[in-house]
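What the coordinates show
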Amino acid sequence: FFYPAQFWPHKNHIVILDALYILSKTKGLKPIVYLTGSDKGNKNYIVTEVNKRNLMAQVVFTDFIPDEELKYLYTHATAMIFASLMGPNNMPPIEGTALGCPIIITDLEGHKEQLSDTALYFNGYNADELATHMFILLTDKVKRKKIIVKQKKLAQVFNRINYFETIKAILTEFQLIR
């Protein structure tokens, strides 16, 4: 699993740690989660919580990574977890959809509107729900494959409405301002 997010408090990394702990204690599973992104003031807290839960062997902190490495994670991970308590219109769910990476995402209305039935949704404050979805994607290859098939159809819709080019134009314009 991986979570591409800066270490802001609202990105809610803590729920992922809780889900890892639950999977370990209830199912005996110890999946690895890669946490990518720069520290924005919350990373030390997350590192401390990883140590408290004895999850050091399961959590990999990569910091900011180049696009090629990020693409590798999208195309090789069991799933991308998007635990943010704010959204929609974040790039990782769109990238995951485009690259065929199953997505487990918070159940915000905007996320549901954006991704429809192509993702697994969980309450951002409920680690049990997240752990259940992680377990499903680790153990049910048919369910995982069905999600990927649905994502391909959604990615085609995004392409038809030129979603990616629109976002790219916005980012390019912002880069000039920046």
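First, a word on what this report is: a plain description of the structure on this page. (Residues numbered from 1 in each chain as written. Predicted model: local features only at pLDDT ≥ 70, side-chain atom pairs only at ≥ 80, totals over all residues. Heavy atoms only, no water.)

Some words on the packing of helix α1 (residues 13–27) against helix α2 (residues 43–52)
A pair of packed helices is captured by two measures, namely the crossing angle of their axes and the spacing between those axes. Running from N to C, α1 and α2 point in directions that differ by 10°, and their axes come no closer than 10 Å. In terms of axis orientation, α1 runs roughly parallel to α2. Here H13, I14 and L17 of α1 come into contact with α2, specifically with Y45, I46, E49 and V50. Looking at the contact of α1 with α2 residue by residue, the classes come out as five nonpolar, one polar and one charged. (Axes fitted to C-alpha atoms, helices over the stretch in contact; angles between N-to-C directions. Helix = DSSP H or I, 4+ residues; strand = E, 2+ residues; numbered from the N terminus. Parallel < 35°, antiparallel > 145°, perpendicular 65-115°, else oblique. Contact = heavy atoms within 4.5 Å. Nonpolar A, V, L, I, M, F, W, Y, C, P; charged D, E, K, R; others polar.)

Describing the pattern of salt bridges
Taken as a whole and judged by the stated rule, the model has six salt bridges. In this structure, K43 and D63 form a salt bridge, with 2.5 Å as the shortest nitrogen-oxygen distance. Of this pair, K43 sits in helix α2 while D63 is found in strand β3 (residues 59–63), placing the two residues 20 residues apart along the sequence. With a relative accessible area of 38%, D63 lands in the partly exposed category. D117 serves as the salt-bridge partner of K150, at 3.5 Å between the closest nitrogen and oxygen. (Salt bridge = Lys/Arg side-chain N within 4 Å of Asp/Glu carboxyl O. Buried < 20%, exposed > 50% of the residue type's maximum accessible area, 1.4 Å probe, protein only.)

Remarks on the pairing of strand β2 (residues 33–36)
Bridge analysis of strand β1 (residues 2–4) against β2 gives three bridges, and the strand direction is parallel. Note that in β2 the partner of Y3 across the bridge is L35. Handedness of the crossover joining β1 and β2 through α1: right-handed. Two elements, β2 and β3, share four bridges in a ladder whose sense is parallel. Each bridged residue has a counterpart across the sheet, and for L35 the counterpart in β3 is F61. Between the parallel elements β2 and β3, the chain passes through α2 in a crossover that is right-handed. (Pairing = 2+ DSSP bridges. Right-handed = clockwise from strand over helix to strand, strands pointing away.)

Some remarks on the packing of aromatic side chains
For the structure shown, the criterion picks out three aromatic pairs. Between F2 and Y74 the ring centres are 4.9 Å apart and the planes differ by 85°, which places this aromatic pair in the edge-to-face class. Placement of F2 in strand β1 and of Y74 in helix α3 (residues 67–76) is noted, with a sequence separation of 72 residues between them. Judged by relative accessible area, F2 falls into the buried class, the value being 0%. Ring centres of F7 and F61 lie 5.9 Å apart, and the angle between their planes is 40°; on these two criteria the pair is classed as tilted. Taken together, the positions of F7 in the loop between β1 and α1 and F61 in strand β3 put the pair 54 residues apart, joining distant regions of the chain. Over the ring of F135 we find K27; its NZ or CZ atom is 4.7 Å from the centre of that ring. (Phe/Tyr/Trp six-rings, centres within 6.5 Å; stacked < 30°, edge-to-face > 60°. Lys NZ or Arg CZ within 6 Å of the ring centre and 35° of its normal.)

Regarding α2
By the burial criterion, the buried members of α2 are K43, I46, E49 and V50. The arc enclosing the buried residues of α2, seen along the axis, measures out at 125°, which places them on a common side. Exposed side chains of α2 directed beyond 90 degrees from the buried face belong to N44 and K52. Note on α2: the residue one or two positions beyond its end, N54, has a positive phi of about 55°. (Arc of directions from axis to C-beta.)

Some words on the nonpolar core
Ranked by size, the top nonpolar core spans 47 residues in total, and within it F2, I16, I81, I104, L130 and M134 carry the most contacts. Per-element accounting of this core gives the leading share, eight residues, to α1. In contact with F2, not counting residues within four places along its chain, are V33, Y34, L70, L73, Y74, A77, A79, M80, I81 and C101. (Core = buried A, V, L, I, M, F, W, Y, C linked by side-chain atoms within 4.5 Å.)

Section: the side chain of T36
For T36, the position within the fold is in strand β2. Given the relative accessible area of 3%, T36 is considered buried.

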